[in-house]
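Listed below, chain by chain, are the residues.
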Amino acid sequence: MGTLDYIWLGILAVFQGPELFSIFGLPVSVTLVMILFGFLTGIAVGATPGLAGPIAMAIALPILISIFGYTPDALLPVMGFLIGVMKGATIGGAVPAILFNTPGTPDAYMTTLDGYPMAQKGQARKALRVAHFSSASGDTFSDIVLIICAPFLALLVEAYLDFPEKTALLILSLSFIGAVIGGSPAKGVLSTGLGLLAVYIGTGEDFYPRMSMGSDHLSQGFPIATSVLGVLIIGAVFKEMTDLWHQQRKSGTPPQFTDEGNQRLTRAEICRLLPFVGRSALIGTAIGALPGIGSTLAATLGYTVGRARHARTKSANAPDFGEGAPEGIAATEAANSSVSGANLIPVLSLGIPGNAAAVFLILAAESIGGFNPGPSVFRFTQDVVNPELVIAFGLFTAMFIANALNWTIGGLFMRSMGVMVRIPKHILLPTVLLLTLTAIYVQETRIEAIWFALGFGALGYVMRLLAISPLPFVIAFILGGKLEESARQAFAATGGDAWFLFSSPISIGFIAASIGIILFSARKKKHAA
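Note that the structure is a prediction, hence the values are computed from the model and not measured. (Residues numbered from 1 in each chain as written. Predicted model: local features only at pLDDT ≥ 70, side-chain atom pairs only at ≥ 80, totals over all residues. Heavy atoms only, no water.)

S.K.: Sorry if this is basic, but what is going on with the nonpolar core here?
M.R.: If you look at soluble globular proteins, the nonpolar side chains tend to sit buried side by side. The biggest cluster of nonpolar side chains holds 124 residues, and the ones touching the most others in it are Phe 371 and Phe 378. Looking at which element gives the most residues to this core, the answer is helix α17 (residues 387–415), with 13 residues. (Core = buried A, V, L, I, M, F, W, Y, C linked by side-chain atoms within 4.5 Å. Buried < 20%, exposed > 50% of the residue type's maximum accessible area, 1.4 Å probe, protein only. Helix = DSSP H or I, 4+ residues; strand = E, 2+ residues; numbered from the N terminus.)

Shown next as structure tokens:
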């Protein structure tokens, strides 16, 4: 089978999957409906301060698995919903930033610098249109790069990396993520170490559990849902609750602005925005392809580069960046939206998640089965069909469908979500906590899972108090099993050589790079202080 055959099979897997209902005799697959539902949910969640796409993905994943089960037919509908949430949340986050000067996520802060001044001038709807156009453009560009680069990178890894090199690559990935996230390299490495420690409790060869201290509950290990959702979601809820407790409630209602002038984007305005969108899309895609850096840096760099260009090219009466310049919104939104697609390059080609949204895509694949992200996915077999490759092209199809929804109905639904910002946090946060615990119990069906989740939530809360990012912990917890398996295979393949990590120039280079990135980041942090 050729490449076009696999592409066509992936498209058919989405459009001709299990039928949910029919319209005028035409069957509508459940995957299409789940992509749409996830996309609309993502916009609503992104438009709600205090929530984000990963929270909706975390709550939805166990519930979706309980509905669809663990059959191969469940994979595309579940992952289609998650992709829809991820896509929708990237554009929904601009709503509170523009309308109410309330960035729901750190990268949305840059959007407030020009979005809110435009709203104050009566151009709120135009600012939302600029954000939608820029976000959709950056996201589409990033997806195209993903589809081109992910198979190419996977084939390179499969052709040139053996077990020792793959083990060293995993160590490099964990070192890189620990060094660039977490407030400081020391905190990032500590978070990574805690994740590895947690994943190895209760696991081991020949049914001999490690570090279980004689406990039957610990001997089974920590379920991945309890650790990931506990540290990421429950820890964040605990932190938000304590911040809300200490924060003095503000009186009054959000300010209301009336529209003034033409709120539509003209062709001339779009042409003026395109250079800013293009540069920021390139910046965001390049940053997104590196696991662990995230959209906040992309938004900051995109805004900084755009401001420098705007200062050179703007007309005399045009507003500066920070004073309501549409170019500032375009530069920011294109940069942070183009990260999402590129973040899946290391996920699909290497099996390495680079951000929180990618974590839940990995969890869905591991929970349902039938799809193991990594180099083996992109094996273009001729005699027999590679089902994982069909699923990969099905995921690419789902991403383009979500992009089509973004271009067509995304802007309209986005502009109607301003009401979400008025949900009080003292109602929102307990609801999120209850839904998260319910989702965990639905998947694990034992009370110990709830206690584990609350314990990991307390750990996530303490980590946030100490300015330690929980993301390295989560990624290390997910990759810890793969790291041990790869190391065992490398040890066996090299005839029991304890120094297998130094058996080839490539693996030596990866280990040297692991040490170098930590030392370089520590030195840079020290000089910045």
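S.K.: What am I meant to see in the environment of Ser 507 here?
M.R.: The residue Ser 507 is located in helix α21 (residues 505–528) in this model. For the pair formed by Ser 507 and Phe 163, sequence separation is 344 residues and the distance between their alpha carbons is 9.5 Å. If near-sequence neighbours (up to four positions away) are discounted, Ser 507 is found in contact with Pro 164, Glu 165, Ala 168, Phe 500, Leu 501 and Phe 502. (Contact = heavy atoms within 4.5 Å.)

S.K.: Where do I start with the pairing of strand β1 (residues 19–23) in this structure?
M.R.: Where a strand is regular, its side chains alternate between the two sheet faces. In this sheet, strand β2 (residues 26–29) lies alongside β1 in antiparallel orientation, the contact comprising 4 bridges. Residue pairing for β2: Phe 21 is matched across the bridge by Val 28. Count of turn residues in the β1/β2 antiparallel hairpin: 2 residues, of which Phe 24 carries a positive phi of about 55 degrees. (Pairing = 2+ DSSP bridges.)

S.K.: How should I be thinking about helix α9 (residues 185–199) in this particular structure?
M.R.: Side chains three or four residues apart in an α-helix point the same way, a direct result of the helix having 3.6 residues per turn. With 15 residues, α9 extends 21 Å between its outermost C-alpha atoms, agreeing within 8% with the 21 Å of an ideal straight helix rising 1.5 Å per residue. Among the residues of α9, Pro 185, Gly 188, Ser 191, Thr 192, Gly 195, Leu 196, Ala 198 and Val 199 are the ones counted as buried. Relative to the axis of α9, the buried residues are bounded by an arc of 165 degrees and lie together on one face. (Expected span 1.5 Å × (residues − 1). Arc of directions from axis to C-beta.)

S.K.: What exactly am I supposed to notice about the pattern of salt bridges here?
M.R.: Should their charged atoms come close, side chains of opposite charge can pair. As enumerated under the stated definition, the model contains 5 salt bridges in all. Here Lys 87 makes a salt bridge to Asp 139, at a shortest N to O gap of 2.9 Å. In this pair, Lys 87 is assigned in helix α4 (residues 75–92) and Asp 139 in helix α7 (residues 124–160), connecting sequence segments 52 residues apart. Residue Glu 327 pairs with Arg 272 through a salt bridge whose shortest N-O separation is 3.1 Å. Residue Glu 327 is found in helix α14 (residues 326–342), and its partner Arg 272 is found in helix α12 (residues 267–288); the two are separated by 55 residues along the sequence. Looking at Arg 272, the relative accessible area reads 41%, which means it is partly exposed. One salt-bridge network, held together by shared partners, links Lys 87, Asp 139 and Asp 143. (Salt bridge = Lys/Arg side-chain N within 4 Å of Asp/Glu carboxyl O.)

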